[in-house]
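Below, each chain spelled out in residue letters.
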Amino acid sequence: DAGVTQSPTHLIKTRGQQVTLRCSPKSGHDTVSWYQQALGQGPQFIFQYYEEEERQRGNFPDRFSGHQFPNYSSELNVNALLLGDSALYLCASSLAGGPANEKLFFGSGTQLSVL
Amino acid sequence: KQEVTQIPAALSVPEGENLVLNCSFTDSAIYNLQWFRQDPGKGLTSLLLIQSSQREQTSGRLNASLDKSSGRSTLYIAASQPGDSATYLCAVRGSGGSNYKLTFGKGTLLTVNP
């Protein structure tokens, strides 16, 4: 049973460029959340997708956008990259509905470096 | 605004010791609290999830407690092993029908020395 997979694992970009990160949820999961983790910090919530819609958004600018596809996979897009966007980007999947399904499963992340 | 604090920031113990990691949160209106483990440069692994109506959860050598009214949780690790070395993160999900996000602490870096 494949867990949450993210690609690419590492990425180097320059300021002003755009980047797309990809996530495939754990088999059977229908909800995908994205988190940004700066070095030495806890993960910060970016947004969550369910039924191909953004269900909730954290305190991130509009430069951060996402998409969920019919097969539940998801993309995170970041435009006009800033140095401060350098971080580990984590994708987490879960199954919507009920306390028993609350446990999140995280991927290994995409390490983004902006130069 | 929910804030989560973890103490200590780092902890180094000899193998075999029992230890306690602490987590506090400012808003007691939570839906659940989770403890995660993170190895360097890796994603998070869920260890224990405590619903707001529960007081504790156990899994093997791990025991997590929750005191929602005082805004505190502890993670107890019995008979620590070098393989337990990792960063341990606490996260809460706020209550309310449209709140799905987890708010994380900065973590406790645990080193278990052989």
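Details of the structure are given in the entry above.
Only a predicted model underlies this, so the values are computations on that prediction, with no experimental measurement involved.

Peer 1: Give a detailed account of the interface of chain A and chain B, specifying residues and quantitative values.
Peer 2: Contact residues are listed per partner, giving 19 residues for chain A and 22 residues for chain B. Both sides of the chain A and chain B interface together cover about 1700 Å² of buried area, and 53% of this is carbon and sulfur. A per-residue breakdown of the area chain A buries against chain B is headed by Q56, E102 and F106 of chain A, which together make up 28% of the total. Applying the counting criterion to the chain A and chain B interface returns 0 salt bridges. There are 5 residue pairs in polar contact (both at pLDDT 80 or more) connecting chain A and chain B. Grouping the constituent residues of the side of chain A that touches chain B by class yields 8 nonpolar, 8 polar and 3 charged.

Peer 1: Can you lay out the state of the cysteines for me, pointing to particular residues and giving the numbers?
Peer 2: As used in these notes, a disulfide is a covalent bond between sulfur atoms, one from each of two cysteines. Tallied over the entire structure, the rule returns 2 disulfides over all chains. Bridging C23 of chain A to C91 of chain A, the disulfide has an S-S length of 1.8 Å. Across the S-S bond of C23 of chain A and C91 of chain A the torsion is about -60 degrees, and the bridge reads as left-handed. Within this pair, whereas C23 of chain A is found in strand β3 (residues 19–24), its partner C91 of chain A is found in strand β9 (residues 87–94), the two being separated by 68 residues in sequence. Covalently, C23 of chain B is tied to C90 of chain B through a disulfide, its sulfur atoms 2.0 Å apart. Handedness of the C23 of chain B-C90 of chain B disulfide follows from its S-S torsion of about -55 degrees: it is left-handed. In this pair, C23 of chain B is assigned in strand β3 (residues 19–25) and C90 of chain B in strand β9 (residues 86–94), connecting sequence segments 67 residues apart. Note on accessibility: C23 of chain B and C90 of chain B belong to one class, buried.

Rules used in this analysis
- Residues numbered from 1 in each chain as written.
- Chains lettered and ligands numbered in written order.
- Predicted model: local features only at pLDDT ≥ 70, side-chain atom pairs only at ≥ 80, totals over all residues.
- Heavy atoms only, no water.
- Contact = heavy atoms within 4.5 Å.
- Buried area = accessible area lost by both parts, 1.4 Å probe.
- Salt bridge = Lys/Arg side-chain N within 4 Å of Asp/Glu carboxyl O.
- Polar contact = N/O pair within 3.5 Å; in protein donor to acceptor, adjacent residues only side chain to side chain.
- Nonpolar A, V, L, I, M, F, W, Y, C, P; charged D, E, K, R; others polar.
- Disulfide = S-S within 2.5 Å.
- Helix = DSSP H or I, 4+ residues; strand = E, 2+ residues; numbered from the N terminus.
- Buried < 20%, exposed > 50% of the residue type's maximum accessible area, 1.4 Å probe, protein only.

This is a description of form; function is not addressed.
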